[in-house]
Amino acid sequence: QVQLVESGGGVVQAGGSLKLSCVASRRTFSNYDMAWFRQAPGKEREFVAGIDWRALSKYYADSVKGRFAISRDNTKNTVYLQMNTLKPEDTAVYYCAATTGPTGRASYEYTYWGQGTQVTVSS
């Protein structure tokens with residue numbers, strides 16, 4: 001079992017920045033590929049960004065490419081999502097997810113999920 005706890009959400013004006021963190025409970029964190037997803041009210045959960053266990057491969061949804069950056073620190077069991085130039089359409093609950101299998105952009109590929117952190121971007 002892996003427990004994931006997100007933090008760093010909040011309310012920010014359009015054009016601002018936030019940095020989300022997700023801490024994993026297991027010392028074998030480095031064995032997992034990680035991703036961030038988000039879900040806005042009335043919408044399906046969508047992929048935001050992913051990173052492999054060595055941080056050699058990073059990939060992003062087109063809607064956030066160039067504005068968001070995913071990173072990880074395996075010594076701290078933590079994955080981050082730096083969000084810049086935020087837009088009102090980025091408003092959502094953000095979730096981190098973990099998998100030992102090949103990473104992808106579909107939520108079903110991820111085994112473990114955090115409880116989410118709310119990000120609200122005001123116009």
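Residues numbered from 1 in each chain as written. Predicted model: local features only at pLDDT ≥ 70, side-chain atom pairs only at ≥ 80, totals over all residues. Heavy atoms only, no water.

Novice: Can you help me understand the pattern of salt bridges in this one?
Specialist: It is possible for side chains of opposite charge to pair when their charged atoms get near one another. Applying the stated criterion across every chain yields a total of 4 salt bridges. Salt-bridge contacts for lysine 65 lead to aspartate 62; the nearest nitrogen and oxygen are separated by 3.2 Å. Taking the relative accessible area as the measure of exposure, aspartate 62 reaches 66% and is therefore exposed. Between arginine 67 and aspartate 90 there is a salt bridge, with the nearest N and O atoms lying 2.7 Å from each other. (Salt bridge = Lys/Arg side-chain N within 4 Å of Asp/Glu carboxyl O. Buried < 20%, exposed > 50% of the residue type's maximum accessible area, 1.4 Å probe, protein only.)

Novice: Would you take a moment to explain the packing of aromatic side chains for this structure?
Specialist: The geometry of an aromatic ring pair is captured by two quantities: the separation of the ring centres and the angle between the planes. A complete count under the given rule lists 6 aromatic pairs for this structure. Relative to phenylalanine 47, the ring of phenylalanine 37 lies with its centre 5.7 Å away and its plane at 80°, an arrangement referred to as edge-to-face. With phenylalanine 37 in strand β4 (residues 33-39) and phenylalanine 47 in strand β5 (residues 46-51), the pair connects residues that are 10 residues apart, well separated along the chain. Note on phenylalanine 47: relative accessible area 8%, which makes it buried. Considering the side-chain rings of phenylalanine 47 and tyrosine 59, the 5.4 Å spacing of their centres and the 15° angle between planes classify their relative orientation as stacked. Highlighted residues: phenylalanine 47 in strand β5 and tyrosine 59 in strand β6 (residues 58-60), separated in sequence by 12 residues. Accessibility classification places phenylalanine 47 together with tyrosine 59 in one group, the buried group. One aromatic cluster in this structure is built from Phe37, Phe47, Tyr59, Tyr110 and Trp113. In this structure, arginine 72 is placed above the aromatic ring of phenylalanine 29, and the distance from its NZ or CZ to the ring centre is 4.5 Å. (Phe/Tyr/Trp six-rings, centres within 6.5 Å; stacked < 30°, edge-to-face > 60°. Helix = DSSP H or I, 4+ residues; strand = E, 2+ residues; numbered from the N terminus. Lys NZ or Arg CZ within 6 Å of the ring centre and 35° of its normal.)

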